[in-house]
Amino acid sequence: MNNYKHVILVGIDGAGNFYRNTTAPMIRRTMAEGAGTDMCLTSIPSDSAQCWGSMLMGVSCRIHGLHNDKISSAKAPCATDEHPTVFRMIRDAMPEATLGSFSNWNPINYGMIENGIGVTKQTGDDESLCDRICEYVKNEKPTFLFIQFDSVDGAGHCHGYGSEQHLDQLNICDAYAERIYNACVEAGISEDTLFMITADHGGFERGHGTDTDEEKWVFAAIMGKTVNHTTLQYMQVKDFPAIITHALGVPDHPAWSSHLPEGLFSE
Ligand SMILES: [Zn+2]
């Protein structure tokens, strides 16, 4: 069923579920007006390529096989016919779809997401990226837009996950998410948009990659006209592709182990 014309996924690298320790008004609003959970399990090892890979490819990292060195040094995107990204699934079903990936950590763009399928790929620091994302939303009204902000993870590595600096940066990215949502409202598409905010992993002390609770559990906040007002008991980051394809009425890939979280949608 095609319930939405637009899906926007805002990913905040290294945010875990640390929003609980700060104000994060947009994350809290998204959860309150839609569905939310602090129990979204990421891929383990809890490193970026493993986790973003699962979020965009609908399988565990043992299956997609991506890791940071692999996608950073890749001469071409690592997605394959056997393990495509959700972008490819949308493109195959919707030739006219407008697709965008705005990722601070550029290996997601050049080392993961397919070339030649009409995905607008941009990179830059979080603030300049946010400016361009808002313009893109207003001008292009994307069918699916993926965003990766990186500054929260940087603050975690530098100052510690859960530190004042890490939490302050999380609030800055929360404000970026709010600006992006407001751009949807300004563009007149918010009614037909599934809007989601999440993280790839958290962190413990000044790193991540293992399976402590602080690293492996992330938040997910999801709002849209058919989203139940509820707390989701459990989901995984690899479930996002199933959510995205369901929202747009696009088939899943047969190799995916990506599932709709129980109770997320009313239809
Ligand atoms: Zn990361």
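Now for a description of the structure that goes with this document. Bear in mind that the values here come from a model prediction, so they are computed numbers and not experimental data.

Structural notes on the overall build of the protein chain
Then comes step 1: When helices and strands are counted, the protein chain shows eleven helices and nine strands.
Then comes step 2: A compact globule built from 267 residues would reach a C-alpha radius of gyration of about 18 Å, and the protein chain, at 16 Å, matches this within 12%.
Then comes step 3: Counting only C-alpha atoms and orienting by the principal axes, one finds that the protein chain spans roughly 45 × 40 × 35 Å.
Then comes step 4: In the protein chain, which comprises 267 residues, the proportion classed as buried is 59%.
Then comes step 5: Across the protein chain, the fraction of contacts at a sequence separation of at least 24, relative to all contacts at a separation of at least 6, is 73%.
Then comes step 6: With the model as given, the accessible surface of the protein chain reaches about 10200 Å², and the carbon-plus-sulfur share is 47%.
Then comes step 7: Taking the average place of the 18 positive charges on the side chains of the protein chain and the average place of its 35 negative ones, the gap between the two points comes to 4 Å.

Here's the deal with helix H11 (residues 240–248)
Helical periodicity: at 3.6 residues per turn, an α-helix aligns residues three or four positions apart in one direction.
Then comes step 1: With eight of its nine residues buried, H11 lies for the most part within the structure.
Then comes step 2: Within H11, burial applies to Phe 240, Pro 241, Ala 242, Ile 243, Ile 244, Thr 245, Ala 247 and Leu 248.
Then comes step 3: Directly beyond the C-terminal end of H11, a positive phi value near 75° is found at Gly 249.

A word on the side chain of Asp 239
Then comes step 1: With respect to the helices and strands, the residue Asp 239 is situated in the loop between strand E9 (235–236) and H11.
Then comes step 2: At 6.2 Å, Lys 238 is the nearest oppositely charged side chain to Asp 239, a buried residue that forms no salt bridge.
Then comes step 3: Here His 259 takes part through its backbone nitrogen, which lies 2.9 Å from a polar atom of the side chain of Asp 239.
Then comes step 4: Contacts of Asp 239, omitting those with residues within four sequence positions, involve Ser 257, Ser 258 and His 259.

Here we look at the nonpolar core
Then comes step 1: Counting 87 residues, the largest nonpolar core has Phe 144, Phe 149, Leu 194, Ile 197, Phe 240 and Ile 244 as the members making the most contacts within it.
Then comes step 2: Broken down by element, the residue count for this core peaks at ten residues, all from helix H9 (residues 164–187).
Then comes step 3: Once you skip the residues sitting within four places of it in the chain, Phe 240 turns out to touch Leu 9, Cys 40, Met 55, Met 196, Thr 198, Ala 220, Met 235 and Ser 258.

Regarding the packing of helix H1 (residues 25–33) against H9
Then comes step 1: Direction vectors running N to C along H1 and H9 enclose 55°, while the axes themselves pass 7 Å from each other. Our classification of the angle between H1 and H9 gives oblique. Counted together, Pro 25, Met 26, Ile 27 and Arg 29 of H1 and Leu 170, Asn 171, Asp 174, Ala 177, Glu 178 and Tyr 181 of H9 form the full contact between these two elements.
Then comes step 2: Its residues assigned to classes, the contact of H1 with H9 shows six nonpolar, one polar and three charged.

What counts and what doesn't
- Residues numbered from 1 in each chain as written.
- Predicted model: local features only at pLDDT ≥ 70, side-chain atom pairs only at ≥ 80, totals over all residues.
- Heavy atoms only, no water.
- Helix = DSSP H or I, 4+ residues; strand = E, 2+ residues; numbered from the N terminus.
- Rg over C-alpha atoms; globule rule 2.2 N^0.38 Å.
- Buried < 20%, exposed > 50% of the residue type's maximum accessible area, 1.4 Å probe, protein only.
- Contact = heavy atoms within 4.5 Å.
- Areas by Shrake-Rupley, 256 points an atom, 1.4 Å probe, with all protein chains shown as cover.
- Lys, Arg positive; Asp, Glu negative; His and termini not counted.
- Charge placed at Lys NZ, Arg CZ, Asp CG, Glu CD.
- Salt bridge = Lys/Arg side-chain N within 4 Å of Asp/Glu carboxyl O.
- Polar contact = N/O pair within 3.5 Å; in protein donor to acceptor, adjacent residues only side chain to side chain.
- Core = buried A, V, L, I, M, F, W, Y, C linked by side-chain atoms within 4.5 Å.
- Axes fitted to C-alpha atoms, helices over the stretch in contact; angles between N-to-C directions.
- Parallel < 35°, antiparallel > 145°, perpendicular 65-115°, else oblique.
- Nonpolar A, V, L, I, M, F, W, Y, C, P; charged D, E, K, R; others polar.

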